[in-house]
Amino acid sequence: DCNETQQDSISERFDRGMSSQGATLQNYNNELVKCLEDLREKRETLNKEILKEEKKKQDIQKKLHKLTEELQRINERLAKKTSARNDFDMTIQETEGAYMKILESSQTLLHVLKRESVNLSKKKQTSHK
């Protein structure tokens, strides 16, 4: 009898232990599933952010490409205009130099003409005497 009672009690404790372990295992399983779901949600949120950032990056790259092309066109126009301005500067400088030579020659010619006029007047006066 004692052995049977002892056997029953061991069997009951084993069943209770197994049922307790089963409940614990079920709790672990539930927690694991919840953690995996949370991780999947976080991953999906992060993935959406990545897709948004990649779209922004593509948009900026397109704008940058357009701006780079526009900058190149502006630089080409500036180079042509700067070259034309340099041509104007050279023409103006050469013209001013030639004009100064003309002024100097005119001044010299005027002095020569005045001197000759004085000389002619003197000769005229001496020839009348």
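Provided above is the structure to which this section pertains.
First things first, this report covers the structure right here in the doc. As the structure is a prediction and not an experimental result, all values here were calculated from the model.

### A closer look at the overall build of the protein chain
Across its full length, the protein chain holds one helix and zero strands. Relative to its full complement of 129 residues, the protein chain shows a buried share of 0%. About 12,700 Å² of surface is accessible on the protein chain, with carbon and sulfur atoms providing 57% of the total.

### Points about the pattern of salt bridges
In a structure, side chains of opposite charge can pair up when their charged atoms sit close to one another. In the structure shown here, the tally under the stated rule is two salt bridges. Among the ionic pairs, Asp 38 bridges to Lys 34, the shortest N-O distance being 3.5 Å. Of this pair, Asp 38 and Lys 34 are both found in helix α1 (residues 2-128), four residues apart, which corresponds to roughly one turn of the helix. Measuring nitrogen to oxygen at the nearest pair gives 3.0 Å for the salt bridge that ties Lys 55 to Asp 59. Pair noted here: Lys 55 and Asp 59 are both in helix α1, with a separation of four residues, about one helical turn. Residue Lys 55 is classed as partly exposed on the basis of its relative accessible area, which comes to 47%. According to the relative accessible area criterion, Asp 59 is partly exposed, its value standing at 28%.

### Quick word on a nonpolar patch on the surface
On the surface, a nonpolar cluster with roughly 290 Å² of combined accessible area is contributed by Leu 32, Leu 36 and Leu 39. For Leu 39, the position within the fold is in helix α1. The class of Leu 39 is exposed, set by a relative accessible area of 54%.

About the cut-offs
- Residues numbered from 1 in each chain as written.
- Predicted model: local features only at pLDDT ≥ 70, side-chain atom pairs only at ≥ 80, totals over all residues.
- Heavy atoms only, no water.
- Helix = DSSP H or I, 4+ residues; strand = E, 2+ residues; numbered from the N terminus.
- Buried < 20%, exposed > 50% of the residue type's maximum accessible area, 1.4 Å probe, protein only.
- Areas by Shrake-Rupley, 256 points an atom, 1.4 Å probe, with all protein chains shown as cover.
- Salt bridge = Lys/Arg side-chain N within 4 Å of Asp/Glu carboxyl O.
- Patch = residues over 30% accessible without salt bridge, like charges linked within 9 Å, V, L, I, M, F, W, Y side chains within 5 Å.

Coordinates in, geometry out; function isn't part of it.
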